[in-house]
Amino acid sequence: MKKLLIGICMLLALSACKDENKSNQQTNTKPVIKIGATLPLSGNLAYIGEGARNALQMLMEKWQKVDTKYQYEIVYENDLLKPQQAAINTNKFISIDKANVVVSVFGIVDRPVDEIANQNKVISLSCSYGKGDVPEYGINTGAQNKEIYQAALKELKKRNVKKIALAGSNSEVGNATLDYLAENIVNEGIEIVANERYTIGEKDYRLSIQKMETKSPDYYILFGIEPMNSVFVRQYHEITGKNNIASLGSFPNISLNVFPPINGIWSVYLISNNNDFENAYFEKYQGRVEACSTNLYDGLDMIIKAFENTTPQEGKIIPDNADVLRTVKGFKYWNGAFGKMKIKENGIIESDVEVRVYQDGQWIRVRE
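Cut-off values and rules
- Residues numbered from 1 in each chain as written.
- Predicted model: local features only at pLDDT ≥ 70, side-chain atom pairs only at ≥ 80, totals over all residues.
- Heavy atoms only, no water.
- Phe/Tyr/Trp six-rings, centres within 6.5 Å; stacked < 30°, edge-to-face > 60°.
- Helix = DSSP H or I, 4+ residues; strand = E, 2+ residues; numbered from the N terminus.
- Buried < 20%, exposed > 50% of the residue type's maximum accessible area, 1.4 Å probe, protein only.
- Lys NZ or Arg CZ within 6 Å of the ring centre and 35° of its normal.
- pLDDT = per-residue confidence, 0-100.
- Contact = heavy atoms within 4.5 Å.
- Disulfide = S-S within 2.5 Å.
- Salt bridge = Lys/Arg side-chain N within 4 Å of Asp/Glu carboxyl O.
- Core = buried A, V, L, I, M, F, W, Y, C linked by side-chain atoms within 4.5 Å.
- Pairing = 2+ DSSP bridges.
- Right-handed = clockwise from strand over helix to strand, strands pointing away.
- Axes fitted to C-alpha atoms, helices over the stretch in contact; angles between N-to-C directions.
- Parallel < 35°, antiparallel > 145°, perpendicular 65-115°, else oblique.
- Left-handed = near helix turned anticlockwise from the far one by under 90°.
- Nonpolar A, V, L, I, M, F, W, Y, C, P; charged D, E, K, R; others polar.

1. As for the packing of aromatic side chains
- Scanning the entire structure with this criterion turns up 17 aromatic pairs.
- Between Y129 and F223 the ring centres are 6.5 Å apart and the planes differ by 85°, which places this aromatic pair in the edge-to-face class. In this pair, Y129 is assigned in the loop between β4 (123-127) and β5 (138-140) and F223 in strand β8 (residues 219-223), connecting sequence segments 94 residues apart.
- Among the residues examined, F223 registers a relative accessible area of 4% and is labelled buried.
- Each member of the aromatic cluster is reached from another via a ring pair, and the members are Y198, Y205, Y220, F232 and Y236.
- Over the aromatic face of F331 sits the side chain of K305, whose NZ or CZ is 5.1 Å from the ring centroid.

2. As for the confidence of the model for the protein
- This prediction gives the protein a mean pLDDT of 90; 92% of its residues lie at or above 70.
- Contacts for the low-pLDDT stretch residues 8-14, under 50 throughout, to residues beyond four places or in other chains number 0 contacts.
- Of the regions scoring below 50 in pLDDT, residues 17-27 engages in 1 contact with residues more than four places distant in sequence or in other chains.

3. Side note on the state of the cysteines
- This model, assessed by the stated rule, comprises 1 disulfide.
- Note that C127 is cross-linked by a disulfide to C292, the S-S spacing being 2.0 Å. Disulfide C127 to C292: torsion about the S-S bond roughly -75°, handedness left-handed. Taken as a pair, C127 in strand β4 and C292 in the loop between α9 (275-285) and α10 (293-308) lie far apart in primary sequence, 165 residues in all. With respect to burial, C127 and C292 carry one shared label: buried.

4. Overview of the pattern of salt bridges
- All told, the structure shown has 21 salt bridges when counted by the stated rule.
- D114 is the salt-bridge partner of K131, the closest N and O atoms lying 2.5 Å from each other. Of the two residues, K131 is situated in the loop between β4 and β5 and D114 in helix α4 (residues 107-119); the sequence distance between them amounts to 17 residues.
- Judged by its relative accessible area of 5%, D114 is buried.
- A salt bridge links R206 to D204; its shortest N-O distance comes to 3.1 Å.
- Its relative accessible area of 36% is what places R206 among the partly exposed residues.
- A single network of salt bridges, built from pairs that share partners, joins D110, R111, D114 and K131.

5. Regarding the nonpolar core
- By size, the foremost hydrophobic cluster in this structure holds 118 residues, and its most contacted members are Y129, I164, F232, L300 and I303.
- For this core, the element with the most residues is helix α2 (residues 46-64), which contributes 9 residues.
- In contact with I164, not counting residues within four places along its chain, are L156, L181, I185, I190, E191, I192, V193, A194, P217, Y219 and I221.

6. A closer look at the pairing of strand β1 (residues 32-39)
- A large share of β1 lies buried, amounting to 7 of its 8 residues.
- Two elements, β1 and strand β2 (residues 71-78), share 8 bridges in a ladder whose sense is parallel. The residue of β2 that forms the bridge with A37 is Y76.
- Crossover handedness for the path β1 to α2 to β2: right-handed.
- Both β1 and strand β3 (residues 101-105) contribute to a ladder of 4 bridges, which runs parallel.

7. Let's talk about the sheet that holds β4
- Spatially, 5 strands are ordered β2-β1-β3-β4-β5 in an open sheet, and the strand pairing comes out parallel. The sheet is open, and its two edges are formed by β2 and β5, each paired on a single side. If you compare each strand with its neighbour and ignore which way they point, the axes differ by 20° on average.
- α10 rests against β1, β2, β3, β4 and β5 of the sheet, and its axis sits at about 155° to β4.

8. Remarks on the packing of helix α3 (residues 83-95) against α4
- Packing of α3 against α4 leaves a shortest axis separation of 8 Å and a crossing angle of 30°. Here α3 is positioned roughly parallel relative to α4, judged by the angle of their axes. As for the relative orientation of α3 and α4, their crossing is right-handed in sense. Two secondary-structure elements touch here, α3 through P83, A86, A87, T90, N91 and I94 and α4 through I108, V109, P112, V113, I116 and A117.
- For the contact of α3 with α4, a count of residues per class yields 10 nonpolar, 2 polar and no charged.

Now the structure itself:
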């Protein structure tokens, strides 16, 4: 009897192993969709890259719970937010990893990524503020100039601001965002008394601040590349003792260990409008959501959903990238980790953005 029971147990165990192997074989035989993510995983902005990687991993875990048609895999590479390294990473993703999608963050690096991906008919998902033009195979989930400007204008009018000074890094994203405001705000009865741009990496703004102060601006509006934002704010407060300074979105990107603790400073908030996602992220990683993390989460979420809902062309086992992009654009609207978004035909994602005030180490929603 004992031998019989042992034999039955062995048969059951073997059967379970066969079922498990069969399940693994089914998983392993799924066609693979490769995603390459080039992110700043070291250096001053490593927390941006780590935040994006965390959010992308959350997304992958969500899709792993679903019986998908395809197996999705992400390969990460560090670009240190340097265009040349991002280009090297992108070529590696395409030629070696055979990626269908390439992900990048911030306007400093995403232009060369877009170009290389587009030449190879690979989807390029970016998060870059104020980037209103993408190539045929590009998608940008970063907030647009119009949305950023309207949120800032509403707050300036509420504070009865009449004169402003603009300051930012001499970069494509900084110039595009500040120039859009400069071109439009003159029609709103607000005078621009100074409009300064600084070399990326510059760390002494005292003389420039003193010069702008002679023109008595009611407010300073910034959009810089770190360390410009945090250093400028600190030096401005040391010189004037005032907090009449705001950003078009760059302040909340700064680590709270670095940002000067000056209550009352405000910024257009480009992190997220979805408290549920922010809470889920905090519960998992014990930290705040970083800039572009939710945008990339939503962008890749759209792309994966599109792969799952696009029929492959005859003779192919996975959908063509161009067909996948058409499916994404066909969604029209998306309510995701960032909040409510509109998907335009040109590959630009429009988002609802708001203003938040810095108070005791947190960015607090502005009450109407």
